[in-house]
Amino acid sequence: MRLGIVCYPTFGGSGVLATELGKALADEGHQVHFITYQQPVRLNVFNANIFYHEVRVPTYPLFDYPPYEVALASTMVDVIMNYDLDLLHVHYAIPHASAAYMAKQIVKQKTGRNVPVITTLHGTDITLVGRDKTYEPVVTFSINESDAITAVSQNLKDETYKSFAVHKDIQVIYNFVDVTRFNKKPIDAFRKVIAPNGEKILVHASNFRKVKRVDDVVKVFAAVRKEMPAKLLMVGDGPERPAMEELARILGVDEDTRFLGKQEQMEDILAVSDMFLLPSEYESFGLAALEAMAAKAVVISTNAGGLSEINIQNETGFMAPVGDVNAMSKFAIELLHDDTRLAAMKEAAYQQACRFDISRIIPIYEALYSQYCRRTPCK
Ligand code: GMT
């Protein structure tokens, strides 16, 4: 198939998932065209089946807000027509689903062809941003106009029906992880630099937005650090980072906390980690937690959103209500003191990640695409 994939190119989960999906589909022999404003961060391989089309947004003195959606729709039209795409798969509804709708109408008018659009809902496009009155009518309309809609968890599907007048079926296709990539041997030299005296290593990775409640990460770590030697790795960057650096100083754990910024080699960091902290206010799924589990890290998270669809209480990790720093700290301290239980839970986390392995999920997307494919055979 010739597939167009539209996503955010940044470190956000939807962009990561879309890029990994595109890479896997290209490996399967499909021609994959990424359409976005910047090279996606995980698009770091050469594959003759992968094309990257940059959306350029020309500026003009009149434009306080350069019209990205218009530029995106025009690029979609260009790529659909010049590369004869079979379908467009857009990740994160805003503004990708509405731009795809516009592109579809333009192609239909020009050629009579109906290009199928599949929209995958990822999280805040539904639970936060999309609900805002400023966007809601366009989001509802463009979701309903998509030929197929998928959501990355059952919780996100339910949230969509709760908040939007969507009258079409939404298929749940869970996010995935490439287990073979994340189940890596720890690099001893790296572990020694981070934890020279064999301290336990805790890790958090996100885009440091309010919804992640990163302050709870630092608070849990401070409680752990009171009880035992430990190190905290903070991966990623975003608006909350400066406040978190300050909080680590206030709580006296700055010497044991490293802010690593944005990192591409997450598998190397996770390979030396014992525990992953994700105390979010909401997660539709929690892809970062799944990647941690594939690297045999135990996940301490909230029970918000779809997290309970991947993290199994007391088996692969622990979940507490949002903001319950005490419960998360207590569990972390007890587990980090008990090496036998820690090893068992790490293994259980890994086994759970295997249920979401890339090899299981890609065929589900291919089957969905096949329903809309005009070519025979479908590759
Ligand atoms: O908030 C983020 O982590 C980024 C956001 C995105 O759309 O890029 O992530 C959402 O999509 C991920 C991939 O499907 C999910 O794993 C995250 O749980 C989800 N984030 C939220 O729901 C807050």
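Residues numbered from 1 in each chain as written. Predicted model: local features only at pLDDT ≥ 70, side-chain atom pairs only at ≥ 80, totals over all residues. Heavy atoms only, no water.

1. Focus on a nonpolar patch on the surface
Inference 1: On the surface, a cluster of nonpolar side chains totalling about 360 Å² of accessible area is made up of Tyr60, Leu62 and Phe63.
Inference 2: Within the secondary structure, Tyr60 sits in the loop between β3 (50-54) and α2 (68-83). (Patch = residues over 30% accessible without salt bridge, like charges linked within 9 Å, V, L, I, M, F, W, Y side chains within 5 Å. Areas by Shrake-Rupley, 256 points an atom, 1.4 Å probe, with all protein chains shown as cover. Salt bridge = Lys/Arg side-chain N within 4 Å of Asp/Glu carboxyl O. Helix = DSSP H or I, 4+ residues; strand = E, 2+ residues; numbered from the N terminus.)

2. Let's talk about the side chain of Asp256
Inference 1: Positionally, Asp256 belongs in the loop between α10 (241-250) and β10 (257-261).
Inference 2: Asp256 has contacts with Phe221, Arg225, Ala230, Lys231 and Leu232, leaving out every residue within four places of it along the chain. (Contact = heavy atoms within 4.5 Å.)

3. Some thoughts on the domain arrangement of the chain
Inference 1: Structurally, the chain comprises domain 1 (2-176 + 358-370) and domain 2 (179-354).
Inference 2: When each unit is reduced to the centre of its C-alpha atoms, the spacing between domain 1 and domain 2 is 30 Å.
Inference 3: The interface of domain 1 with domain 2 comprises 23 residues on the first partner and 17 residues on the second.
Inference 4: Interface of domain 1 and domain 2: buried area, both sides summed, is about 1500 Å²; carbon and sulfur atoms make up 53% of it. (Domains from an automatic or database assignment. Buried area = accessible area lost by both parts, 1.4 Å probe.)

4. Thoughts on the layout of surface pockets
Inference 1: There is about 990 Å³ of room inside the largest pocket.
Inference 2: Phe11, Gly12, Gly13, Ser14 and Asn207 are, among the 45 residues lining the largest pocket, the residues nearest its centre.
Inference 3: Only α1 (13-27), α11 (266-271), β11 (275-278) and α12 (287-294) provide two or more residues apiece to the lining of the largest pocket.
Inference 4: Among the elements that take part in the lining of the largest pocket, α1 stands out by supplying four residues, more than any other.
Inference 5: Both of domain 1 (2-176 + 358-370) and domain 2 (179-354) provide at least three residues apiece to the lining of the largest pocket.
Inference 6: Computed from the structure, the second largest pocket encloses a volume of approximately 270 Å³.
Inference 7: Surrounding the second largest pocket, 20 residues form its lining, Glu20, Lys23, Ala24, Asp178 and Ile358 being those nearest its centre.
Inference 8: Among the elements of the structure, α1, α7 (179-182), α12 and α15 (358-370) are those that each provide at least two residues to the lining of the second largest pocket. (1 Å grid on protein atoms, 1.4 Å probe; cavity = no way out; pocket = protein on both sides within 12 Å on 5 of 7 lines; lining within 4 Å. Points joined across faces, edges and corners; volume = space filled by probe spheres on them.)

5. Quick word on the sheet that holds strand β6 (residues 148-151)
Inference 1: Here seven strands make up an open sheet; going across it, the order is β3-β2-β1-β4-β5-β6-β7 and the pairing parallel. Taken across any chain shown, the strands that pair with only one partner, and hence form the sheet edges, are β3 and β7 (170-172). Strand-to-strand twist of the sheet, defined as the mean angle between neighbouring strand axes without regard to direction, takes the value 25 degrees.
Inference 2: Summarising the sheet, strand β2 (residues 31-36) and β3 pair through five bridges and their orientation is parallel. By the bridge assignment for β3, Phe34 is matched with Tyr52. (Pairing = 2+ DSSP bridges. Axes fitted to C-alpha atoms, helices over the stretch in contact; angles between N-to-C directions.)

6. A word on the site of the ligand
Inference 1: Contacts to the ligand come from 18 residues, most closely from His122, Asn175, Arg209, Lys212 and Glu283.
Inference 2: At 2.8 Å, a side-chain N or O of Asn175 approaches an oxygen atom of the ligand.
Inference 3: One nitrogen or oxygen atom from the main chain of Leu287 is found 2.9 Å from an oxygen atom belonging to the ligand.
Inference 4: In isolation the ligand offers 480 Å² of accessible surface; the protein chains occlude 94% of this area.
Inference 5: Of the pockets mapped on this structure, the ligand occupies the largest pocket.
Inference 6: Of the residues in the shell around the ligand, the class split is five nonpolar, 10 polar and three charged.
Inference 7: Shared between two domains, the shell around the ligand takes at least three residues from each, and those domains are domain 1 (2-176 + 358-370) and domain 2 (179-354). (Near = heavy atom within 4 Å. Polar contact = N/O pair within 3.5 Å; in protein donor to acceptor, adjacent residues only side chain to side chain. Sits in = over half its atoms within 2 Å of the grid points. Nonpolar A, V, L, I, M, F, W, Y, C, P; charged D, E, K, R; others polar.)

7. Some remarks on helix α3 (residues 93-111)
Helical periodicity: at 3.6 residues per turn, an α-helix aligns residues three or four positions apart in one direction.
Inference 1: Helix length check: α3 (19 residues) gives 26 Å between terminal C-alpha atoms against 27 Å at 1.5 Å per residue, within 8%.
Inference 2: If you follow the buried residues of α3, they end up packed against β1 (2-6), α2, β4 (87-91), β5 (117-121), α4 (124-127) and α5 (136-145).
Inference 3: Just downstream of α3 lies Gly112, where phi reads positive at about 85 degrees. (Expected span 1.5 Å × (residues − 1).)

8. Side note on the nonpolar core
Inference 1: If you look at the biggest cluster of nonpolar residues, it comprises 96 residues, and the most contacted ones within it are Met76, Leu88, Phe276 and Tyr369.
Inference 2: Here this core gets eight residues from one element, more than from any other, and that element is α2.
Inference 3: Two domains each donate at least three residues to this core, and these are domain 1 (2-176 + 358-370) and domain 2 (179-354).
Inference 4: Excluding residues that lie within four positions of it along the chain, Phe276 makes contacts with Val203, His204, Ala205, Leu270, Ala288, Ala289, Ala292, Ala297, Val298, Val299 and Ile300. (Core = buried A, V, L, I, M, F, W, Y, C linked by side-chain atoms within 4.5 Å. Buried < 20%, exposed > 50% of the residue type's maximum accessible area, 1.4 Å probe, protein only.)

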